[in-house]
Structures are given as structure tokens and as C-alpha cells.
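Here is how the chains run, residue by residue.
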Amino acid sequence: MTGRKKTISGMDMAVGLLILAAFLCRVSMLYDCPFYVELGFLRSAIHIAIPVGWCFSVSRRVVQPQARRQIMMAAMLMVFWTVVRTIKYNFVEDPLVTHWLWYLFYVPYILIPTLSIFVSEAICKPETHRTPKRMLFLFVPALVLLALVLTNDLHQLVFTFPAGGPKYPTDGYGYGTAYYCVVAWVFFCAVLTFVVIFRKSRIPGAKKRILIPLSLLFLLIVYSVLYALYVPFIKVWLNDMSAVFCLLLMAMFESFFRLNLIHTNTHYNELFRRSSTPACIVDTEYRELSRSEDYLEIPIHDMQRAETAPVILQDKIRISTAPIKQGHVLWEEDITELLEQIRDLEDIQERLEDSNVVAAEEYRTRLRQRQLIERNRMYDKMQAQTERQVLELRSLVDRLAGGPDAAEEKRLLLKLGVLGAYIKRRNNLIFLAENQDRLAASELMYCIRESLQNLPVFDVSADQYFALDGDLPFDGIVLLYDAFEQTLEAALGAMTAIFVSVTAEEDRAVLTVRLCADTELTTLKECGLQTVREEPGEWIITVSTPRHGGAER
């Protein structure tokens, strides 16, 4: 936009004509025009209308919220200044009210330059920017000076009045020290505002064009000095300080807008029109407000349908919409390529689904194969570890089938029950220890209990005591259970009572078997078991294993 030739807009011409009309009203009033009063009201109305219109323009153009809010406050102070001036010179004759209205001139005169500093600080900041709290201290000197002006009748530090004059004078006064402090503060704020904005400028070439707002600032300072010196030309032709100040301040801020030092949306409409995305902005009644060059008109009912979900037209144009303040924005997308990609993806999905069916069937087949392999492996492992007992079990069944006598049959059934319980519990231990090296010690208790529960049927007194908690290595449980089973098999047929205890001694698990059997059990020593005969027919068999680590006898 910087390379484009600048032209004077219709709004600029309208404002210029209004300023010229107000000046002509001023001139006609100097030459006693017969419509003196009417021209005065017209001039005041113009002076009020210009800052009001400018305030409305700022609210719509300035993008940064903080800067927009502060400039609008300055514009409203300009309106306040003009209204006070109009009331003072057109509606009030009471000296006291006129006197106070004169003091009120300095409310905007002091606060507008102060607000300018806050505006300059907000330049080039994001929309979420907030003014730092430390800057609020700038209002302290401004408010102190304003308080001095409003209380001048008590101390006359701002304006001095001759002795013996009117009680509430508005002319014939001098300037005190505080007045020059006010002028210095206004000058300081204006220069600081200009310096901050100039240093924040990032627009190429803007520092060369900064002479425009600089000249306006210079004119403002020169006018203030000439006004304070009662220069005749100023007093006659430019005596309305509020109007001149407001016009120069608005012109200076407007120059910042035109130089893009304060970001505005002035060219947004043109930018939107030249956008490569076909889009349109409509109001709540779907009346078109702005559109891009490539946008294709669509019926209103299609716009309304797009509020709930995107609408596809002619199988290739998708219309989408989003709500905005006081309307909607609609944009068009050519989805021909997207539809082709969707069709390709659907073909790929169909092929993948067929492949997935085949892959799923292959997976189920492999899973069944692995399950069978795992079952066979577990079966082979169980068969290998209980092979001797299984063979002996078959032998017992064959001998029972041969019709032995009653005593032999009883002994064979007892041994058959003991071996069956052992094989069952032994295989269960193998299954539990498939994926872990340690088992709960209670598993050993269950094994021994099941092996003992058949003995009372054959008139053998059996009991156990288990005082071992926690867990044991799998090899340790197998060692203790196998030792118990060997003892039981060796004493079958001659045993009348058995008591089994499992206890913990230091860091070892100890299995102790006390039994009454009229037979020789010293052969168990060859199996690594500690065998002690206490009295004739009474035996104590002991075996132990570490509670942690591998099993040992």
C-alpha cells in the first residue's frame, strides 16, 4: 500500500469544507453579520460534530484495543472542551459560572497530551496488550496541575488577577508559575509521544515522512506560545484555542494513522476484495457487505444451510460459514482434488479391508497353532516330571484289575489315591510356575492337604501344621513336596499315623514329617532326607530349603 499514490478521500474533503465553513462563520461574526447568533451556533455545532465523527471513525478503524480506547477518550475530551466553550460563550452570563467554565478548559488541555503518551506506548503491541501499571504514575503530575488550576482562586499560582478587580474575572489576568508548569507538561507529553512513536516505527520510509506530524506538533507549540503572548493576529482570527487545539491534535493523530504508525483497518476492505480466497461478508439478513473478486454468488437458502454444516455445490464447491459480529463470513473451496483423494482413499480402504480379513484369518490360524504347540509343550513337561508316578499308577490299576485279596486291594487303593493326588498337584505347580520363578508358600500347603485327605479313609490318622507365609522359589516347593511324597510312599501299608509341619527357621523353610510305621525307613537317607528313629515304630523325617534362591537339600 505504501507504493500507491495517495488521494484525498471524500471524507477528507467533507471535513475540510466543515472547517472552512466554521472559519467563515468566525469571519462573518467579526464583521457584525445580521445572523450573528445563528452563525455562532452553527460554528459550535461544527466544532462539536467534527470530534464526535472522528471518535466514531476511530472506534471502527483502530485495531489495537488499548490504543483505540485511549484515543476515543481523548476524542471525548475534545467534545467536552468544545461543549464547555459553547456553553460559556453562548448560554451563560453569570460571572461565577463563566469563571469555572474557563477553568474547565484545562481539563482536556492537560489530560489529552497525557493520554497521548499512553497511546504511543500501545503502538506495535498485540491486541492482548495492557498498559503497564507503572505508567499510571504519569497521571500524578497531570492531576496535580489540574488541581492547581481548579483551585487557583485560593492561591493564584496559575492565573494572577489585579487587586480591586472583579470577583470572578475571565480576562485582564496574568500567568503564574504553575501556568508555565502546565505549558511545560503539555510540551513534555507532546514531545515524548512523538519520540516514542518515531522510535517504534517499523514502516519503511516512515521516518522520512514523519515530518508531517512533526510540523503539526511544531504548529501546536507555536500557537500555544503566540496565544499566551496575546499576538493580535491570533487573538482576532484564531482566538478559539479549544477548536485550534482539537483540530491540530486530530490532524496529528490522523497523520499517524495515514503513516501506519498506529495500525488501522483502513485498507482491509481493499485487501479483502483482492484476497485469493473466494469469500463474502454478509449481515444478519444475508445482505452482501463485502466480497472478494473470485467469490461466486450463491442463493440465500444455501447460505442459511451452511450455518449448520458445510454445503457442497455442483459436486466440487464447498460453502462454509462462521458467525461474526452483526453478520456472517462465507468462503468457497474447490474440493475437486479433495474428492478425488477421498475416492482414492475409499479404494485403498476397500483393499485394506480385504487384506485385513485375510490377515485376521491367518492370525487366528497361527494363534490356534501356537496354542496347540504350547499345550503340547506343557503336556510334555508335565509328563517328563511325573513319568515315574504315571507308570506306577498304571501298574497299580493293572494289579487291581487282576483281583487281589481284600488286604492287598486296600493297600493298592491307598497308594493309588496318594499317587493320583500327587500327580494332580504336581502338574498344577508346573502350570502355576510357567511364567514366574516364585510361588506362594500356601501352594505347598494345598498340595500336602490334598495328599493327606485320603488317608483317614484307610484308618490312617493324618494332620498337618503350616506356619510359613510369603513365597518360595518354585524349585524349593517342588523339593519339599517331593520329599513328602517319597516319605508317604515308603510308609504306605505300614503307617498308622502321620503329622506334617512346615515352619520357617531363620532363612529356610523346614518340612518335618512325624509318622508311626512298622517298617524300615532308613532308605530315605539315600534320597537326601534326614531320617531319625525315635522309638520303635516312630520316625522323624526332615528336609529344608532356602526361602530365597535355589533349592538345596
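Before any of the text, the structure's been laid out above.
These numbers were taken from a predicted model, which means no experiment stands behind them.

Caption draft 1: Focus on the pattern of salt bridges. Across all of its chains, the model carries six salt bridges by this definition. A salt bridge links Asp471 to Arg438, with the shortest nitrogen-to-oxygen separation between them at 3.1 Å. With Asp471 in strand 10 (residues 471-473) and Arg438 in strand 8 (residues 438-440), this pair connects stretches of sequence that are 33 residues apart. Across the salt bridge formed by Arg514 and Glu534, the nearest N and O atoms sit 3.6 Å from each other.

Caption draft 2: Region of the structure containing the sheet that holds strand 5 (residues 311-313). Ordered by their spatial adjacency, five strands build an open sheet running 4-3-7-6-5, and the pairing between neighbours is antiparallel. The sheet is open, and its two borders are formed by strand 4 (288-291) and strand 5, each paired with just one other strand. Going across the sheet, the axis of each strand differs from the next one's by a mean of 25°, ignoring polarity. Taken together, the three bridges between strand 3 (residues 279-283) and strand 4 define a ladder with antiparallel strand orientation. The partner of Val282 across the bridge, within strand 4, is Glu288.

Caption draft 3: Inspection of the nonpolar core at higher detail. In this structure, Trp54, Tyr106, Ile110 and Phe159 are the most contacted members of the largest nonpolar core, which totals 70 residues. Contributions of two or more residues to this core are made by helix 2 (36-61), helix 3 (65-90), helix 4 (95-104), helix 5 (106-122), helix 6 (139-150), helix 8 (177-200), helix 10 (211-228) and helix 12 (241-258). Filtering out sequence-adjacent residues up to four positions away, Ile110 remains in contact with Ala142, Leu145, Leu146, Val149, Val182 and Trp185. Counting 40 residues, the second-largest nonpolar core is a separate cluster that includes Tyr422, Ile448, Phe484 and Leu529.

Caption draft 4: Expanded view of the side chain of Lys88. Among the secondary structure elements, Lys88 is positioned in helix 3. Beyond its immediate stretch of four places on either side in the chain, Lys88 contacts Thr98, Leu101, Trp102 and Phe105.

Caption draft 5: Structural detail: the packing of aromatic side chains. Applying the stated criterion to the full structure yields 20 aromatic pairs. Ring plane angle 35° and centroid distance 6.2 Å describe the contact between Trp54 and Phe253, whose orientation is recorded as tilted. Residue Trp54 is found in helix 2, and its partner Phe253 is found in helix 12; the two are separated by 199 residues along the sequence. Each member of the pair Trp54 and Phe253 is classed as buried. Here the aromatic rings of Trp81 and Phe245 are separated by 5.8 Å at their centres, their planes lie at 55°, and the arrangement is tilted. Here Trp81, found in helix 3, pairs with Phe245, found in helix 12; they are 164 residues apart in sequence, far enough to count as distant. There is no split in this pair, since Trp81 and Phe245 are both buried.

Caption draft 6: Layout of the sheet that holds strand 12 (residues 508-517). The strand order 9-11-12-14-13 describes an open sheet built from five strands, whose pairing is mixed. Either end of the sheet is taken by a strand with one partner, and the two such strands are strand 9 (461-467) and strand 13 (530-535). Averaged over neighbouring strand pairs, the angle between their axes works out to 15° when direction is ignored. In this structure, strand 12 lies alongside strand 14 (residues 538-546), joined through nine bridges in antiparallel fashion. Each residue of the ladder has a partner; that of Arg508, found in strand 14, is Pro546. The strands touched by helix 18 (residues 442-452) within the sheet are strand 9, strand 11 (495-505) and strand 12, with strand 9 carrying the most contacts at an inclination of about 175°.

Rules and cut-offs
In every chain, residue numbers begin from 1 and rise along the written sequence. In keeping with the predicted nature of the model, local features appear solely for residues at pLDDT of at least 70, side-chain atom pairs appear and are counted solely at 80 or more, and the whole-chain, interface and lining totals rest on all residues. Note that water and hydrogens are dropped before the side-chain values are worked out from all heavy atoms of the structure. The working definition used for a salt bridge is a side-chain nitrogen of Lys or Arg within 4 Å of a carboxyl oxygen of Asp or Glu. A run of H or I in DSSP counts as a helix once it spans at least four residues, and a run of E counts as a strand once it spans at least two, with each numbered from the N terminus. Pairing between two strands is assigned when DSSP locates at least 2 bridges connecting them. To define axes, lines are fitted to C-alpha atoms, for helices over the stretch in contact only, and angles between the resulting N-to-C directions are given on a 0 to 180 degree scale. We define a nonpolar core as any set of buried Ala, Val, Leu, Ile, Met, Phe, Trp, Tyr and Cys residues linked to one another through side-chain atoms lying within 4.5 Å. Using a 1.4 Å probe on the protein chains alone, a residue whose accessible area is under 20% of its type maximum counts as buried, one over 50% counts as exposed, and one in between counts as partly exposed. What makes two residues a contact is simply this: any of their non-hydrogen atoms within 4.5 Å. To pair, rings of Phe, Tyr and Trp, with the six-membered ring standing in for Trp, must have centres within 6.5 Å; the planes then decide the type, stacked if under 30 degrees apart, edge-to-face if over 60, and tilted in the middle.

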